[in-house]
Amino acid sequence: MKSCYLPAVLLAMAMFAVAPFRLMGAPDILVANATPGVLLSYKIFYYHVPSAMVMFLSAFVCGVASAVYLFKNRLAADRLAAAAAELVVVFGLIVLVTGPIWARKAWGVWWQWDARLTSTLLLWMIFMAYLLVRRFGGQGAEKLSAAMAVFGMANVPFVYVSVNIWRTIHPTTQVIPTLAPGMRGVFWFCVLSFVVLFGLLLALRARLEQRRADVERLYLLADEE
Amino acid sequence: MFLRVAWLVMRKDLTVEVRSREVIYTTIFFAVACVLVFAFALVREGRPLEDAAAGIMWISVAFAGTLALGRTFERERHSETLRALMLAPASRPAIYVGKLLGIVLLLLVVEAVLVPLIGLLFHAPIASRPLELAGLLVLGTIGFSAVGTLFAAMLVRARSRDVMLPVLLYPITIPVIIAGVRGTAALFEVEPAVDLAQMWMALLAFFDIVFVTLSLWTFEPLMTE
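About the criteria used
- Along every chain, residues carry numbers that run from 1 in the direction the sequence is written.
- Each chain takes a letter, starting from A, and each ligand takes a number, starting from 1, following the order in which they are written.
- The predicted origin of the model limits local features to residues at a pLDDT of at least 70 and limits the giving and counting of side-chain atom pairs to 80 or more, whereas totals for whole chains, interfaces and linings rest on all residues.
- Computation of side-chain values covers all heavy atoms of the structure but excludes hydrogens and water.
- Note on conventions: DSSP H or I runs of at least 4 residues are helices, E runs of at least 2 residues are strands, and numbering of each starts at the N terminus.
- Here's how the labels work: a residue is buried when its accessible area is under 20% of the maximum for its type, exposed when over 50%, partly exposed in between, all with a 1.4 Å probe on protein chains only.
- For every residue, the predictor assigns a confidence score, pLDDT, that lies between 0 and 100.
- In these notes, a set of buried Ala, Val, Leu, Ile, Met, Phe, Trp, Tyr and Cys residues joined through side-chain atoms within 4.5 Å is what counts as a nonpolar core.
- We call two residues in contact whenever any of their non-hydrogen atoms come within 4.5 Å of each other.
- Helix span, as expected, comes to 1.5 Å for every residue beyond the first.
- In this count, Lys and Arg are taken as positive residues and Asp and Glu as negative ones, while His and the chain termini are left out.
- Salt bridges are defined as contacts in which a side-chain nitrogen from Lys or Arg sits within 4 Å of a carboxyl oxygen from Asp or Glu.
- Counting of polar contacts relies on pairs of N or O atoms within 3.5 Å, with two restrictions inside protein: one atom must be capable of donating a hydrogen and the other of accepting it, and residues adjacent in sequence are counted only when both atoms are side-chain atoms.
- Accessible area that two parts lose when put together, evaluated with a 1.4 Å probe and summed over both, is termed the buried area.

Secondary structure summary: chain A contains seven helices and zero strands in total. Sequence-ordered secondary structure for chain A, helices as α and strands as β, is α-α-α-α-α-α-α. For chain A, the proportion of its 225 residues judged to be buried stands at 44%.

This next bit is on the confidence of the model for chain B. When the pLDDT values of chain B are averaged, the result is 89; 100% of them are 70 or greater. Here strand β2 (residues 47–48) of chain B stands out as the least confident element of chain B, with mean pLDDT 76; helix α6 (residues 130–155) of chain B is the most confident, with 93.

This next bit is on the nonpolar core. Phe127 of chain A together with Phe151 of chain B are the most contacted members of the largest nonpolar core, which totals 126 residues. The leading source of residues in this core is helix α5 (residues 92–122) of chain B, at 14 residues. Ignoring anything within four residues of it in the chain, the contact list for phenylalanine 127 of chain A reads Ala59, Cys62, Ala85, Val88, Val89 and Ala149 of chain A. Counting eleven residues, the second largest nonpolar core, distinct from the first, contains Met15, Phe45, Met183 and Phe189 of chain A.

Attention now goes to helix α5 (residues 115–136) of chain A. Taking 1.5 Å per residue, 22 residues should reach 32 Å; α5 of chain A reaches 31 Å between its end C-alpha atoms and fits that length. Among the residues trailing α5 of chain A, glycine 138 of chain A stands out with phi positive, at a value near 75 degrees.

Residues and elements named next belong to chain A. Among the structural elements, arginine 79 can be located in helix α4 (residues 75–106). Lacking a salt bridge, the buried arginine 79 has aspartate 214 as its closest oppositely charged neighbour, with an N-O distance of 6.2 Å. Excluding anything up to four places from it in sequence, arginine 79 contacts Ala206, Glu209, Gln210 and Ala213.

Let us look at the side chain of asparagine 155 of chain A. Residue placement: asparagine 155 of chain A occurs in helix α6 (residues 141–169). Looking at asparagine 155 of chain A, the relative accessible area reads 0%, which means it is buried. A polar side-chain atom of asparagine 155 of chain A sits 2.9 Å from the main-chain carbonyl oxygen of isoleucine 172 of chain B. Leaving out residues up to four positions away in the same chain, asparagine 155 of chain A has contacts with Ile126 of chain A together with Pro171, Ile172, Pro175, Phe207 and Phe211 of chain B.

So, about the environment of proline 48 of chain B. All names here are of chain B. By secondary structure assignment, the location of proline 48 is in strand β2. Residue classification places proline 48 among the buried residues on the basis of a relative accessible area of 17%. Taking the C-alpha atoms as reference points, proline 48 and arginine 19, separated by 29 residues in sequence, lie 38 Å from one another.

This paragraph deals with the confidence of the model for chain A. Put simply, chain A has an average pLDDT of 81, and 84% of its residues get 70 or more. Taken as a whole, residues 169–177 of chain A scores under 50 in pLDDT and shows 14 contacts with residues more than four places along the chain or in a different chain.

Next up on the list: the interface of chain A and chain B. Between chain A and chain B, the residue contacts involve 31 residues of the former and 33 residues of the latter. For the pairing of chain A and chain B, the buried interface totals around 2800 Å² over both sides, and the portion due to carbon and sulfur atoms is 82%. When the buried area of chain A at its contact with chain B is split by residue, Leu144, Phe151 and Phe158 of chain A rank highest and sum to 26% of it. For the pair chain A and chain B, the interface holds zero salt bridges.

Structure below.
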């Protein structure tokens, strides 16, 4: 396991270094009367969407690991959940920063109360709450935060459905880009880069937690002697 | 047996409350103060903002509910009775259901004061569709309390529980708030949109079923030290 880290780091670095060049070569989406600024803003899509996908993947990992921790009491699952929760917040931040930048150009506003936007924000907030509880909850905070992750996962479809219905009552127009054939390869390349980065960070972060637990255990052992 | 334990726990809570009236008085007062603060913010020249009544009603319910949940469990913590309750030879889910019923009844009493006040101060037609309004309130209160009871019970042991309860509770109960506010707003229109309100009630009922089930399922592992 340990010998995989360095190659994975190099691979992720290489992929992120190559991505911008591939992006420049990708065809622009043809929008009627689009200014160059709008066309350029579409490039952010290659970072925005993969981050969002990785964010949801990470949330899923966190939820499942938390459920395993709650019911089977496996400490390793709890450490994995904590690492995944941090990554949800990190990748979520990328999504929530890149999204409005694009929206300002494409929709003319920074934020829309659209179903997808709102549920992403809510998911991000749930995992922020997870980290807050973990950090400041004191004794027994691990179980509390695990429950938060499980409930948070169950909550996502409800938020999506409720905001979706709410919005169809007050419709707003929006532009949803569809993927042109030339863009598909570049897009999946970016997704892959983000997934590699995610896997690497997750493994490293979980390992750090493992080390912390080990040190804690050793301290206790040394105290006893 | 299950229902009997739930009934006894609920009766115990209500008896304590009827004798001290601590939570009910403070919560009602707090809810009324909340409505007044909103009235100062949202009533211009004697005319309330359109749609404001539904929002104010549900925000007040959510705020008052958080207060009531915190106080109810603070009482248990203060006299170490939650531990005694957990030691009792009764199934944990039954204890949860008893606690939940107690809090739901408490909040319904608060709402019985709050709703007429909103009708009075914000000219909301609360009597035009009383059955649907009551349905929305009951379903919403159950959903809010289902999550709230679980988290408040877990937080009894945690440090900084007063801060943590709203931090955990509000992101999770957003669907309840959305469905409650939109459903109530539909009923408060000049021509009450009953079918819309019924659809929101269906969503609330579904939310209640999922989250009560999830709470019953996780209460046991969460309350085990």
